[in-house]
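So the chains spell out like this:
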Amino acid sequence: MIKVENVHYVYPNGFEALRGVSLEIDKGEFVTIMGENGAGKTTLVKLFNGLLKPSKGIVMVDGIRTFDVSVATLARKVGFVFQNPDHQLFCETVEEEVAFALRNMGFKKDIIEKRVKWALNLLDIAKYKGASPFTLSGGERKRVALASVLAFDPDYLILDEPTIGQDYSQKERLRHLVLQLNKQGKTVIIVTHDVEFVAECKPRIILMSKGKIVAQGPAKEVLPKADLLSQASLIMPQITQLFQMISDLGLPSNVLDEYEAWEALKGLRGMRLA
Amino acid sequence: MSHVKVKHLSYSYGEGEGKVLKDISLEIDKGEFVLLTGPSGCGKTTLCRCFNGLIPHFYGGKMDGEVSVAGLRVSEHPIHEMATVVGFVFQNPENQLFALTVERDVAFGLENLGLPKDEISKRVTWALKIVGMEEFRFAAPFELSGGQQQRVAIASVLAMQPEVIVLDEPTSFLDPATALNIFQILKRLNDELHMTIILVEHRLELASAYINRIVLMNEGSILLDGDPRSILSQEESRLLGIGVPKVVRLFRMLRAGGIPFEHYPLTPSEGAMAIRRLVKGYDQG
Ligand SMILES: Nc1ncnc2c1ncn2[C@@H]1O[C@H](COP(=O)(O)OP(=O)(O)OP(=O)(O)O)[C@@H](O)[C@H]1O
Ligand SMILES: Nc1ncnc2c1ncn2[C@@H]1O[C@H](COP(=O)(O)OP(=O)(O)O)[C@@H](O)[C@H]1O
Ligand SMILES: [Mg+2]
Ligand SMILES: [Mg+2]
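Predicted model, so just to flag it, every value in this text is computed and none were measured.

> Describe the environment of Thr73 of chain A, with residues and values.
Residue and element names in this part refer to chain A. In this structure, Thr73 sits in helix α2 (residues 71–77). Taking relative accessible area as the criterion, Thr73 reaches 49% and is therefore assigned partly exposed. Between the C-alpha atom of Thr73 and that of Asn49, which follows or precedes it by 24 residues, the distance is 9.3 Å. Among the polar contacts made by the side chain of Thr73, one reaches the side chain of Ser70 at a distance of 2.6 Å.

Below, the structure is given as structure tokens:
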């Protein structure tokens, strides 16, 4: 479990990016953190893996205060994929990149080989294994960064803006991947602006604005609330917008995606849907 | 006359490497607002690099065919000359920001244009204001959040008010309200100053209301080119996994389910009207 108690974070230049944040994320949960640019999302998740230490308050991972352990120890437990992949890619080839953390953590050679192969296939980048990460497209680099973290199988998986640079099919792959990992018991924490992606994943949402948490709850409760969303510079999913415009026809106002929409429309007169 | 002209363009990053662009021909008129999209890795960024001369002048490689922008043949003009007519917003904002303050970053290109000091100051204020970053004028770019950095990168290009502006996934780090705001600003510059805009974007649900043409690429070639509604309703765009807006997806399902309607709606309000029409048609027998 990740537990954050009344945390403040002040950057060296004096800017207070977190202003009293408390939250709990249970083991095995799937959570997204959303909010406007500068809300403090990246700052918050960097506290989870000990990259940053709170200026005030406590962050605990599985009962251990992040103050009391090294980043290296935490890194093994809490895998972190940066918002900007260039912050984490530095090896000469994609394959080495994905193997790097595994080597550092002292895994055996044959295990490393297996894990690297698995991760490269999972992220659809096996064809680039000999290429330099820096010659890849933006979306491909992002997937290399993700593969390098998945490879060492951390209990907690933190993804800062994983859908950046991904086309719809890659996003679909990613969605199935995180849902599957979550089903297998991994705690998944995703920072994202991608409202449509969240509408499809339906995780618990933690909504941040100006260094504070302004709302929390299941996607079905948070995403239909226009006023809450606009406070955090978010825009309601398209399908939800559409249904709220025709709620007078007796349709529900918390429909999140096209599949739910289909179900809801089945009952509407004039729609003879198979 | 076309403002951007690409004729039989093929490109590979190195001798012996595969072709990343394959015989692309494309003409864009002055004042068009074109959305360039396609699967990750299909060559969008590579094509954009040909518009401002990064290809071939910086990346080298092997280039065949011809590209000209605002009357300048890209292969014959160095990057700094191209920069006076083509503004370029990079996919990764950090590749664009290098100064110690936001103000310096936005002013940099303007100084290179040789504009007078007070004009520069005015433009910097204007550009920072439209991206909502005035209060960060004296902040250090490396101390900003990802989205804030991207806003500065956009401001520094808008400030130049170039004839052609190329934006490579410029909203990837932005929150939706800000992304929408950027599209609206681009639309305004497009209407008022007749800026030609080439936008690479996956978030079609936000952008499709502002653009007037979609160019869809796949594996280094142009697959479809036309007006947004017709492109988005074609099967290829679904098969290629393009970010077709959710409303279009829903109506595709409805059509497959035997529900008749004339045009594909692109936005939630068009979708709502379409459903009302269906219900009304039924009520009136
Ligand atoms: N290194 C830093 N030094 C000083 N201030 C910083 C630093 N990094 C971030 N900030 C400030 O802290 C606030 C929160 O930043 P953070 O990166 O956590 O935002 P975010 O919610 O992740 O935003 P985005 O959606 O744009 O990525 C912002 O106002 C930002 O300007
Ligand atoms: N600097 C480079 N050197 C070699 N290959 C590159 C370079 N940049 C991109 N590529 C390759 O060219 C192809 C197209 O990349 P890119 O134009 O960035 O795609 P997109 O922007 O559509 O995602 C990809 O296979 C990528 O790996
Ligand atoms: Mg961030
Ligand atoms: Mg690209």
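> Tell me about the site of ligand 1, and please be specific about residues and values.
What surrounds ligand 1 is a group of 20 residues, the closest being Lys41, Thr42 and Thr43 of chain A together with Ser145 and Gln148 of chain B. Site remark: ligand 1 is flanked by residues from chains A and B. Taking Gly38 of chain A, its main chain carries an N or O atom lying 2.8 Å from an oxygen atom of ligand 1. One nitrogen or oxygen atom from the side chain of Gln83 of chain A is found 3.0 Å from an oxygen atom belonging to ligand 1. Taken by itself ligand 1 offers 640 Å² of open surface, and the protein chains cover 91% of this. Those elements that provide at least two residues to the shell around ligand 1 are α1 (41–48) of chain A together with α6 (146–158) of chain B. Here the residues of the shell around ligand 1 are counted per class, giving five nonpolar, twelve polar and three charged.

> Can you tell me about the packing of aromatic side chains, naming the residues and giving the values?
All names here are of chain A. Under the definition given, this model contains ten aromatic pairs over all chains. Between Phe80 and Phe82, the ring centres sit 4.9 Å apart and the planes meet at 70°, which makes this aromatic pair edge-to-face. The pair Phe80 / Phe82 is uniform in exposure class, with both members buried. For the pair Phe90 and Phe100, a centre-to-centre distance of 4.9 Å together with 85° between the ring planes defines the contact as edge-to-face.

Scoring rules and cut-offs
- Residues numbered from 1 in each chain as written.
- Chains lettered and ligands numbered in written order.
- Predicted model: local features only at pLDDT ≥ 70, side-chain atom pairs only at ≥ 80, totals over all residues.
- Heavy atoms only, no water.
- Helix = DSSP H or I, 4+ residues; strand = E, 2+ residues; numbered from the N terminus.
- Buried < 20%, exposed > 50% of the residue type's maximum accessible area, 1.4 Å probe, protein only.
- Polar contact = N/O pair within 3.5 Å; in protein donor to acceptor, adjacent residues only side chain to side chain.
- Near = heavy atom within 4 Å.
- Areas by Shrake-Rupley, 256 points an atom, 1.4 Å probe, with all protein chains shown as cover.
- Nonpolar A, V, L, I, M, F, W, Y, C, P; charged D, E, K, R; others polar.
- Phe/Tyr/Trp six-rings, centres within 6.5 Å; stacked < 30°, edge-to-face > 60°.

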